[in-house]
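# Geometric and topological summary
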Amino acid sequence: ERRVRQEVGEKQRKVAEAERLMRKAQAEATKLREDAKTADQATQRTTQELKEMENGRDAAQAQLAESRGQLLKEQKGRHALMLRRERLEAEVVRLRQALEFESKSERAARVGLVQAQWREEKADEALQAEKARVEMLERQVMMLGSVPCTEPGFELP
């Protein structure tokens, strides 16, 4: 009986130990399930964050490509404006030279015209003087009548 009690006591201890180990194992299993659940949630969050980062990267790359395209377009426009400016500056220089040449030509033409007018005025004055001389000679001839020019003392003014 003692032996049976010892065996029963031993079995009860073993059962108690087994129950304690089973509870410990169940607690560890529960803890492992919770850890696995937490790990799964963390993995899902990380996966979601990775997707968001990839989407952000893709959007940034698309924006970068668009910005590069815009930059190239603006550089092309600036280059075209620079070429247009150079053409306009060359045209301004050409027009200034043409204006200067025209001004010199106009001055020369004006000087020529003034000189021609002056010569014409001098010719008119000379013609008027010649007409006056002829009229004076004609009056003298009329006053003298038919006096021959060969007479001594007869001189034309």
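Here's what I pulled together on the structure shown here. (Residues numbered from 1 in each chain as written. Predicted model: local features only at pLDDT ≥ 70, side-chain atom pairs only at ≥ 80, totals over all residues. Heavy atoms only, no water.)

Turning our eyes to something else, we now look at the overall build of the protein chain. Helix and strand counts for the protein chain come out as 1 helix and 0 strands. The C-alpha radius of gyration of the protein chain comes to 64 Å, more than 25% above the 15 Å expected for a compact globule of 157 residues. Projected onto its principal axes, the C-alpha positions of the protein chain cover 210 × 15 × 15 Å. Every one of the 157 residues in the protein chain was classed for burial, and the buried ones make up 1%. For the protein chain, the exposed surface amounts to about 14700 Å²; the carbon and sulfur share of it is 57%. Each charge class in the protein chain was averaged separately, 32 positive and 30 negative side chains, and the resulting centres sit 18 Å apart. (Helix = DSSP H or I, 4+ residues; strand = E, 2+ residues; numbered from the N terminus. Rg over C-alpha atoms; globule rule 2.2 N^0.38 Å. Buried < 20%, exposed > 50% of the residue type's maximum accessible area, 1.4 Å probe, protein only. Areas by Shrake-Rupley, 256 points an atom, 1.4 Å probe, with all protein chains shown as cover. Lys, Arg positive; Asp, Glu negative; His and termini not counted. Charge placed at Lys NZ, Arg CZ, Asp CG, Glu CD.)

Bringing the pattern of salt bridges into the picture now. Taken as a whole, this structure holds 9 salt bridges when the rule is applied. Note that E17 and R20 form a salt bridge whose closest N and O atoms lie 2.3 Å from each other. Placement of both E17 and R20 in helix 1 (residues 2–144) is noted, with a separation of 3 residues, approximately one turn of the helix. Accessibility expressed as a relative area gives 36% for E17, which makes it partly exposed. In this structure, the salt-bridge partner of R78 is E74, at a minimum N-O distance of 3.8 Å. Here E74 and R78 lie together in helix 1, a separation of 4 residues that amounts to about one turn. (Salt bridge = Lys/Arg side-chain N within 4 Å of Asp/Glu carboxyl O.)

Mapped onto the elements, E49 comes out in helix 1. Distance from E49 to A98, taken between C-alpha atoms, is 72 Å for residues 49 residues apart in sequence.

Turning our eyes to something else, we now look at the environment of R133. Along the chain, the position of R133 falls in helix 1. For R133, a relative accessible area of 40% gives the class partly exposed. Placed 35 residues apart in sequence, R133 and A98 show a C-alpha to C-alpha distance of 51 Å.

Keep in mind these numbers describe shape, not what the thing actually does.
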